[in-house]
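What follows is each chain in one-letter form.
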Amino acid sequence: MTAAAFPSERFPDLCRISIDIPDGWALDDVPGAFIAAFDLSSPAYFRTNALVAVTRTVSSLSVEACSEQFLVDAEADPTFTSLGEELAVVDGRPAALRLQSRRVQALELFQAQALILVPTATGASADLVQLHATCAADVSEVNAPRFRDLIDSLTLAPAG
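Residues numbered from 1 in each chain as written. Predicted model: local features only at pLDDT ≥ 70, side-chain atom pairs only at ≥ 80, totals over all residues. Heavy atoms only, no water.

**Brief notes about the pattern of salt bridges**
Once the charged atoms of two side chains with opposite charge are near each other, the side chains can pair. So the rule is basically this: Salt bridges are defined as contacts in which a side-chain nitrogen from Lys or Arg sits within 4 Å of a carboxyl oxygen from Asp or Glu. Strands here mean DSSP runs of E at least two residues long; helices mean DSSP runs of H or I at least four residues long; both are numbered from the N terminus. When accessible area is computed with a 1.4 Å probe and restricted to protein chains, residues below 20% of their type maximum are described as buried, those above 50% as exposed, and intermediate ones as partly exposed.
According to the stated counting rule, one finds eight salt bridges in the structure shown. One salt bridge in this structure joins Asp77 and Arg102, with 3.2 Å as the shortest N-O distance. Residue Asp77 is found in the loop between helix 1 (63-75) and strand 5 (81-90), and its partner Arg102 is found in strand 6 (residues 93-104); the two are separated by 25 residues along the sequence. Looking at Arg102, the relative accessible area reads 17%, which means it is buried.

**Let's talk about the pairing of strand 6**
Formally: DSSP-based pairing: two strands are paired if at least 2 bridges between them are found.
Relative to strand 6, strand 5 is paired through nine bridges, and the arrangement is antiparallel. Bridging from a neighbouring strand, Glu85 pairs with Arg98 of strand 6. The loop that links strand 5 with its antiparallel partner strand 6 comprises two residues; one of these, Asp91, has a positive phi angle of about 50 degrees. Of the strand pairs in this sheet, strand 6 and strand 7 (residues 107-119) are connected by ten bridges, and their pairing is antiparallel. Bridge pairing in strand 7 links Ala96 to Leu115. Linking strand 6 back to strand 7 in an antiparallel pair, the connection comprises two residues, with Gln105 at a positive phi of about 55 degrees.

This is the structure we're talking about:
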């Protein structure tokens with residue numbers, strides 16, 4: 001029998017992440033998110049929020065391919081609209097950034113999404129870091145610059 005452990009040299013821990021949360025926001029516990037925060041001055045009908053999640057994936061995946069798959073999956077939702085996408089650099093790493101909207105019940109939501117790949121120390125895999133920032137569409141003008149600041153503040157490093 002062979003013993004295996006996580007984290008270990010064979011199965012490295014997930015990457016390290018830090019982000020600057022805006023003043024007036026509070027940290028939150030959200031299942032599936034490694035970091036979550038919300039705006040304390042959000043409108044009563046929707047809490048403006050940001051979530052960071054990490055998924056281990058193959059090292060051969062490109063950020064472009066990842067972004068394309070996310071778009072294909074999102075377009076299955078008839079309320080989804082892509083408002084624009086660009087390739088960028090976040091903390092020195094290639095990233096795909098997308099602005100999008102979707103309807104949840106009677107509420108139109110505005111979302112900023114960032115996808116960044118961080119190779120593991122072994123190079124055999126990579127961590128897909130996803131930042132999703134969401135607000136009600138009617139307050140998107142105020143929040144879009146905050147969302148960009150969140151993305152620009154991300155710092156990422158392989159575990160170790």
